[in-house]
Amino acid sequence: MTHAITNSTLLRAQEVKEELVKHRRHLHQNPEIGFDLPHTAAYVEETLKNMGIEPKRVGKAGLVVTIGNGNGKTILLRGDMDALPMAEHTDLPFKSTNNYMHACGHDIHTTFMFGAAKLLKEKENEINGTVKIMFQPAEEIGQGAKDMIAHGLLENPKVDAALALHVDPSLEVGKFGYKPGIAASSLDGFFLKVQGKGGHSSEPQKAIDPLMIVNSIYSQLNALVGKEVDPQERAVLVIGKMGGGTVANIIPDMAHLDATLRSFNPKVRDHLFKRVQEIIDATVNMLRGTYELETISTPSLYNNEDLCDQVAPFVQEVVGADNLEVNEEPLAGTEDFSYISNLVPTMFMWAGANGLGDKNYPLHNPNLILDEGVIPLGVAVVVHSAISWLNHNANN
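In this report, we go over the structure that sits alongside the text. Small disclaimer: the values here were computed from a predicted structure and weren't measured. (Residues numbered from 1 in each chain as written. Predicted model: local features only at pLDDT ≥ 70, side-chain atom pairs only at ≥ 80, totals over all residues. Heavy atoms only, no water.)

**Here's the deal with the pattern of salt bridges**
Throughout the structure, instances matching the rule amount to 19 salt bridges. Where E15 meets R12, a salt bridge forms, and the shortest distance between an N and an O atom there is 3.2 Å. One end of the pair, E15, and the other, R12, are both in helix α1 (residues 2-15), three residues apart, so they sit about a helical turn from each other. Residue R12 is classed as partly exposed on the basis of its relative accessible area of 26%. E278 serves as the salt-bridge partner of K274, at 4.0 Å between the closest nitrogen and oxygen. In this pair, K274 and E278 are both assigned in helix α7 (residues 266-286), four residues apart and thus about one turn of the helix distant. For K274, a relative accessible area of 53% puts it in the exposed group. (Salt bridge = Lys/Arg side-chain N within 4 Å of Asp/Glu carboxyl O. Helix = DSSP H or I, 4+ residues; strand = E, 2+ residues; numbered from the N terminus. Buried < 20%, exposed > 50% of the residue type's maximum accessible area, 1.4 Å probe, protein only.)

What follows is the structure in structure tokens.
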């Protein structure tokens with residue numbers, strides 16, 4: 001019985017593949033970034049309405065639809081919509097020309113959710129509960145899920161579990177993977193402006209050199225992980241941007257330093273986050289400057305082990321037991337689905353989308369090409385998993 005249901009779901013996803021590919025290519029050719037998604041959000045809204053589904057705007061630029069009978073449990077599916085501020089270098093006939101690019105596959109993630117919405121709407125009478133689908137902005141800046149949560153994403157109806165797929169160009173099409181427990185690093189960003197006192201290079205005693213201050217901070221921060229973190233733990237702190245000044249004979253008035261901190265262990269993260277701020281404060285004050293510091297934080301992504309144990313067999317029913325891999329290591333990057341994983345049980349999975357074999361490029365590369373063969377597979381995985389999970393938990 002399960003085998004027949006699985007085949008019918010995948011078959012239906014294959015039948016609508018051409019329609020979904022058209023949506024994906026439109027999104028790919030018209031990328032937008034962050035919360036500034038007027039065309040993308042309007043296109044998503046129009047596409048859903050054409051399916052007979054009425055979306056609801058949530059937060060700055062998000063959309064949500066609910067499908068099902070409104071009773072029992074609710075499972076959330078996530079698709080992110082935003083692109084990256086980088087020019088595309090591929091030769092695809094539908095390449096972007098606006099100096100933005102879907103180099104992380106969010107155009108395909110949105111398309112997964114188009115397919116999921118279509119198939120779930122067709123099966124609405126069979127859904128033993130509710131499926132809520134979120135179309136999320138601003139994942140690349142780690143703020144979109146947080147914003148939607150603040151505007152009621154996880155309520156009305158209350159979400160009991162959540163699933164997300166992310167394309168992976170290092171995996172061949174048909175392969176899926178997940179990591180139980182901590183599945184991706186946290187991310188903290190530090191954006192520092194140091195105010196000194198500008199002056200002539202011939203009279204340094206009358207000035208306060210902000211470049212000297214940020215240089216001292218740079219040196220101390222680079223030693224922080226090596227001196228204060230257990231070598232068996234993993235953390236990385238990178239100063240990716242620093243500078244100030246205009247010419248050699250002027251001590252500038254202001255300098256800046258931007259850094260990112262990534263870690264997996266929340267205790268390590270909390271210690272380093274505190275120490276970065278202490279070092280900045282002490283150094284700036286010691287060298288007679290003043291400063292402004294802005295921070296952004298995205299927590300570690302946590303895959304709930306019990307939910308993974310429940311959902312993994314459903315995924316295997318679609319793709320085969322040999323095609324679902326349990327990853328040994330968490331993702332070194334950061335995924336803002338983590339905000340949801342901190343509040344409800346979640347399962348975040350990778351979907352193979354290698355488009356060029358051994359010559360393929362990684363995510364965030366301007367030459368990235370993803371195989372659209374992943375689209376019906378991803379749709380079938382989330383639809384079958386959502387319906388099966390609701391059936392499995394109908395009486396819990």
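**Focus on the sheet that holds strand β13 (residues 290-298)**
On the basis of which strands lie adjacent, the open sheet formed by four strands has the order β10-β12-β8-β13 and antiparallel pairing. Unpaired on one side and paired on the other, β10 (235-244) and β13 mark the two borders of the sheet. For this sheet the average axis-to-axis angle between neighbouring strands, irrespective of direction, equals 15 degrees. One ladder, built from nine bridges, connects β10 with strand β12 (residues 254-263); its direction is antiparallel. The partner of V236 across the bridge, within β12, is R262. Sitting on the sheet, helix α6 (residues 210-228) is in contact with β8 (186-195), β10 and β12, with an inclination near 170 degrees to β10. Packed onto the sheet, α7 meets β8, β10, β12 and β13 and runs at close to 170 degrees relative to β13. (Pairing = 2+ DSSP bridges. Axes fitted to C-alpha atoms, helices over the stretch in contact; angles between N-to-C directions. Contact = heavy atoms within 4.5 Å.)

**Some points on the packing of helix α2 (residues 17-29) against helix α4 (residues 106-122)**
Between α2 and α4, the shortest axis-to-axis distance is 9 Å and the interhelical angle comes to 145 degrees. Pair α2 / α4 crosses with right-handed handedness. Each of E19, L20, H23, R24, L27 and H28 in α2 lies in contact with α4, whose residues at this interface are D107, I108, T110, T111, F114, G115 and K118. Split by residue class, the contact of α2 with α4 holds four nonpolar, five polar and four charged. (Left-handed = near helix turned anticlockwise from the far one by under 90°. Nonpolar A, V, L, I, M, F, W, Y, C, P; charged D, E, K, R; others polar.)

**Focus on the packing of α4 against helix α10 (residues 374-392)**
Interaxial distance between α4 and α10 falls to 8 Å at its minimum, and their mutual angle equals 50 degrees. When the axes of α4 and α10 are compared, the pair comes out oblique. In the crossing of α4 with α10, the sense of the turn from one axis to the other is right-handed. Contact with α4, carried on its side by I108, T111, F112, M113, G115, A116, L119 and L120, involves V374, I375, G378, V379, V382, V383 and I387 of α10 and no other residues of that element. In terms of residue class, the contact of α4 with α10 is built from 12 nonpolar, three polar and no charged. (Parallel < 35°, antiparallel > 145°, perpendicular 65-115°, else oblique.)

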